[in-house]
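# What the coordinates show
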Amino acid sequence: MTDITYHLEAVRARVREALIRARRADDDVTIVGVSKRQSIEHIQAAFAAGLRDFGESYVQEAEPKLEQLAELGVVWHFIGRIQSNKTRTIAERFHWVHTLDREKIAVRLDAQRPYYAPPLNVLIQVNQGGEPQKGGVPPARAGELAALVARLPRLRLRGLMTIPPADLRPAESREHFAALRSLAERLAGAGHPMDTLSMGMTADFELAIEAGSTCVRIGTAIFGPRS
Ligand SMILES: *Cc1c(COP(=O)(O)O)cnc(C)c1O
């Protein structure tokens, strides 16, 4: 077994255990392997070990990877800050966007999503911690953006995403994850589709799963340190 196969198996086991603790079904969580600043060979190794979903944060870095791996059948998730001059590549090449936080970007992605592709799966990023250096809408504005996305035919709203502040104590991370989940429940109550909660990374994915995450974004625990 390669290191990546071994690490991926360990992550899968930890995901399963967290699901059991939360009394949830064992196929309830998608693992997105965060391959930013990891080589194409690393992505291929994880794919060979059965991983299908991969996340990239920088369009320029992702482009050659998408190009070279076009035949593989990877499900690509965009998880970085979205610059408006990069929306076309995202609209054309990615399957999911986790970091929508501006109306202008939503409108551009909708206009640029090719007619031959299914609607782009979209998560609204919520800035739970109110951190100015991070993306995401304040929780109180998520409903407005969800309503806009609902009117854009080439986008398919799937749920919410959050990145809690770094270095929280477990109890604090739990609070952030629980808050995102209740926000999703409120928006679902208002008629917005909310089948996906993207929360949890290497440091906190088990807590996130216990709080209801359906999608964990894991880099270091699968691929090792980034270059
Ligand atoms: C880099 C990154 C991750 C993965 O972080 P790890 O700690 O390596 O698991 C997850 N989500 C986002 C948005 C990231 O930028």
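The coordinates are above.
Everything numeric in this text was worked out from a predicted model, so none of it was measured.

The next point concerns the site of the ligand. Neighbouring residues of the ligand: 13 residues in total, closest K36, T202, G219, T220 and R226. Contact between the ligand and T220: an oxygen atom at 2.5 Å from a side-chain N or O atom of the residue. R226 is positioned with one of its side-chain polar atoms (N or O) 2.8 Å from an oxygen atom of the ligand. Relative to its unbound accessible surface of 390 Å², the ligand loses 88% to contact with the protein. Within the shell around the ligand, the residues separate by chemical class into six nonpolar, four polar and three charged.

Attention now moves to the pattern of salt bridges. Overall, the coordinates contain 14 salt bridges when judged by the stated rule. In this structure, E210 and R21 form a salt bridge, with 2.8 Å as the shortest nitrogen-oxygen distance. Linking E210 in helix α8 (residues 205–210) with R21 in helix α1 (residues 3–21), this pair joins segments that are 189 residues apart in sequence. Two residues, R169 and E172, come together in a salt bridge whose shortest N-O distance is 3.2 Å. What emerges from the salt-bridge pattern is a single network uniting R21, R174 and E210.

Ranked by internal contacts, the top residues of the largest apolar core, which has 63 residues, are F54, L109, L160 and I222. Top element by residues in this core is α1. It accounts for six residues. Once you skip the residues sitting within four places of it in the chain, L160 turns out to touch L123, I124, V126, L180, L183, A184, L187, M194, T196, L197 and S198.

For strand β1 (residues 30–34), the tally of buried residues reaches four of five residues, placing the bulk of the element in the interior. The pairing of β1 with strand β8 (residues 215–218) spans four bridges and is classified as parallel. Note that in β8 the partner of V32 across the bridge is R217. Relative to strand β2 (residues 53–56), β1 is paired through three bridges, and the arrangement is parallel. Its bridge partner lying in β2, V32 is registered against D53.

Another point: the packing of aromatic side chains. Per the counting criterion, the structure on display carries three aromatic pairs. A centroid spacing of 5.4 Å and a plane angle of 85° characterise the contact between F78 and F94, whose relative ring orientation is edge-to-face. Note that F78 is positioned in strand β3 (residues 75–78) and F94 in the loop between α4 (87–93) and β4 (96–100), a separation of 16 residues in sequence. According to the relative accessible area criterion, F78 is buried, its value standing at 1%. Positioned over the ring face of F47 is R52, at 3.7 Å from the centre of the ring.

It is worth spelling out helix α3 (residues 59–68) at this point. Along α3, the residues classified as buried are V59, A62, K65 and L66. Buried residues along α3 cover an arc of 125° about the axis, so they all sit on one side. Exposed residues lying more than 90 degrees from the buried face of α3 are Q60, E67 and Q68. Considering only its buried residues, α3 is in contact with α2 (40–48), β2, β3 and α4.

Here we come to the packing of helix α5 (residues 103–112) against helix α6 (residues 142–150). Two elements in contact, α5 and α6, have axes separated by 10 Å at closest approach and are oriented at 15°. Classified by the angle between their axes, α5 and α6 sit roughly parallel to one another. Between α5 and α6 the crossing geometry is right-handed. Residues E103, A106 and V107 of α5 pack against E144, L145, L148 and V149 of α6. Grouping the amino acids of the contact of α5 with α6 by side-chain chemistry returns five nonpolar, no polar and two charged.

Rules used in this analysis
- Residues numbered from 1 in each chain as written.
- Predicted model: local features only at pLDDT ≥ 70, side-chain atom pairs only at ≥ 80, totals over all residues.
- Heavy atoms only, no water.
- Near = heavy atom within 4 Å.
- Polar contact = N/O pair within 3.5 Å; in protein donor to acceptor, adjacent residues only side chain to side chain.
- Areas by Shrake-Rupley, 256 points an atom, 1.4 Å probe, with all protein chains shown as cover.
- Nonpolar A, V, L, I, M, F, W, Y, C, P; charged D, E, K, R; others polar.
- Salt bridge = Lys/Arg side-chain N within 4 Å of Asp/Glu carboxyl O.
- Helix = DSSP H or I, 4+ residues; strand = E, 2+ residues; numbered from the N terminus.
- Core = buried A, V, L, I, M, F, W, Y, C linked by side-chain atoms within 4.5 Å.
- Buried < 20%, exposed > 50% of the residue type's maximum accessible area, 1.4 Å probe, protein only.
- Contact = heavy atoms within 4.5 Å.
- Pairing = 2+ DSSP bridges.
- Phe/Tyr/Trp six-rings, centres within 6.5 Å; stacked < 30°, edge-to-face > 60°.
- Lys NZ or Arg CZ within 6 Å of the ring centre and 35° of its normal.
- Arc of directions from axis to C-beta.
- Axes fitted to C-alpha atoms, helices over the stretch in contact; angles between N-to-C directions.
- Parallel < 35°, antiparallel > 145°, perpendicular 65-115°, else oblique.
- Left-handed = near helix turned anticlockwise from the far one by under 90°.

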